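Listed here are the chains, written in short residue letters.
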Amino acid sequence: EKEIAVWWADNPVETFTPPGHSYNLANISAKTSKATLGKAVEGFARTGIAVADAFILCWKCKYLFNNERPYTMVRRAIDPTWKPFWPAPPFPGYSSGHATQSGAAAEVLTYLYGNNFKFVDNSHVGRVNDAATGTPFKARSFNNFYEFADESAMSRFYGGIHTRQDNEVGLREGKKVGRNVNSLAFLK
């Protein structure tokens, strides 16, 4: 669980952002499949549009519903000294940005590369162990894009900064965004 939480942290102070991670997965997919230039460009375009739209939706929900994060509820109702694995961001939790944008990216990448596209996410390989936890950065293998989206979402639960509801709704709504992007007509 720690390895998953650390892998998907995507802290812009140390690495690329969550959308940058999804964009790198589009890059890995193009290279793994030896995609034509046209298909690779379409993959980058669809991923970029999907992730941007997913974050617009996600942030609208964060401030429309203004749900508290788990650490706030746990400190208020159970243990006032509890600390999550990750420091919680200073904005509402619902819905999870990681889940929403990962669901959108998974949907568009599945559209382009299929349901059974196996790949290795080596985005953080070569980094020194996480300074805060000592956790190593090991490549992650996936049988399809939905597996990466699910793991990205769960990383926030394991980190103690999102609820399952934040993740489940984020994934579901992100996939809807991805389907909307997939309905766009791209010139060949």
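Relevant structure appears above.
Residues numbered from 1 in each chain as written. Predicted model: local features only at pLDDT ≥ 70, side-chain atom pairs only at ≥ 80, totals over all residues. Heavy atoms only, no water.

Novice: Talk me through the pattern of salt bridges; I want residue IDs and the actual numbers.
Specialist: Following the criterion strictly, the structure yields nine salt bridges and no others. Note that Glu-173 is salt-bridged to Arg-172, the shortest N-O span being 3.3 Å. By relative accessible area, which is 46% here, Arg-172 ends up partly exposed. One salt bridge connects Lys-176 with Glu-173, and the closest N-O pair in it is separated by 3.1 Å. Of this pair, Lys-176 and Glu-173 both sit in helix α7 (residues 164–182), three residues apart, which is roughly one turn of the helix. (Salt bridge = Lys/Arg side-chain N within 4 Å of Asp/Glu carboxyl O. Buried < 20%, exposed > 50% of the residue type's maximum accessible area, 1.4 Å probe, protein only. Helix = DSSP H or I, 4+ residues; strand = E, 2+ residues; numbered from the N terminus.)

Novice: Run through the nonpolar core, naming residues and quoting values.
Specialist: Among the nonpolar cores identified, the biggest contains 36 residues, and Trp-8, Leu-25, Leu-109, Tyr-113, Phe-119, Phe-145 and Phe-148 are the most heavily contacted of them. Ignoring sequence-local partners within four residues, the contact set of Tyr-113 consists of Ser-29, Ala-30, Ser-33, Ala-35, Lys-39, Ala-40 and Phe-145. (Core = buried A, V, L, I, M, F, W, Y, C linked by side-chain atoms within 4.5 Å. Contact = heavy atoms within 4.5 Å.)

Novice: Account for the side chain of Asn-144, with residues named and values stated.
Specialist: Tracing the sequence through the fold places Asn-144 in the loop between β2 (140–142) and α6 (145–158). Within the local environment of Asn-144, its side chain forms a polar contact with the backbone nitrogen of Tyr-146, the two atoms lying 3.0 Å apart. Reaching out from Asn-144, the side chain makes a polar contact with the backbone nitrogen of Glu-147 at a distance of 2.9 Å. Excluding residues that lie within four positions of it along the chain, Asn-144 makes contacts with Asn-115, Phe-117 and Phe-119. (Polar contact = N/O pair within 3.5 Å; in protein donor to acceptor, adjacent residues only side chain to side chain.)

Novice: How would you explain α6 if you had to name every residue and give the values?
Specialist: Since one α-helical turn is 3.6 residues long, residues separated by three or four positions face the same way. Here α6 spans 20 Å end to end across 14 residues, near enough to the 20 Å set by a 1.5 Å rise per residue. Listed as buried for α6 are Phe-145, Phe-148, Ala-149, Glu-151, Ser-152, Ala-153, Met-154, Ser-155 and Arg-156. Its buried side turned inward, α6 meets α1 (2–7), α2 (18–33), α5 (97–113), β1 (119–121), β2 and α7. The backbone nitrogen of Tyr-146 lies 3.0 Å from a side-chain oxygen of the residue at the head of α6, namely Asn-144. Looking one or two residues past α6, Gly-160 carries a phi angle of roughly 80°, positive in sign. (Expected span 1.5 Å × (residues − 1).)

Novice: Residues and numbers for the environment of Ala-88, please.
Specialist: Tracing the backbone through its elements, the reader meets Ala-88 in the loop between α4 (70–77) and α5. Ala-88 sits in the partly exposed class, given a relative accessible area of 24%. Along the backbone, Ala-88 and Asp-121 are 33 residues apart, and their C-alpha atoms lie at a distance of 25 Å. Excluding anything up to four places from it in sequence, Ala-88 contacts Arg-69, Tyr-71 and Ile-161.

Novice: Any details on unusual backbone geometry? Residues and values, ideally.
Specialist: Each neighbour pair has its own omega, and for Tyr-94 with Ser-95 the value is -5°, a cis peptide bond. Its location among the elements puts Ser-95 in the loop between α4 and α5. The backbone of Lys-34 shows a phi angle near 55°, a positive value even though the residue is not glycine. Relative to the helices and strands, Lys-34 resides in the loop between α2 and α3 (37–65). Since its relative accessible area comes to 73%, Lys-34 is described here as exposed.

Novice: Summarise the environment of Phe-117; cite the residues concerned and give the values.
Specialist: Along the polypeptide, Phe-117 turns up in the loop between α5 and β1. Dropping the residues within four chain positions of it, Phe-117 is found in contact with Ser-29, Thr-32, Ser-33, Phe-142, Asn-143, Asn-144 and Phe-145.

Novice: Can you explain the environment of Gln-101? Please cite residues and give values.
Specialist: Along the chain, Gln-101 falls in helix α5. Along the chain, Gln-101 and Ser-152 lie 51 residues apart, while their C-alpha atoms are 9.6 Å from each other. Dropping the residues within four chain positions of it, Gln-101 is found in contact with Pro-18, Pro-19, Ser-22, Val-51, Ala-54 and Phe-55. From its side chain, Gln-101 meets the backbone oxygen of Pro-18 in a polar contact 3.5 Å long.

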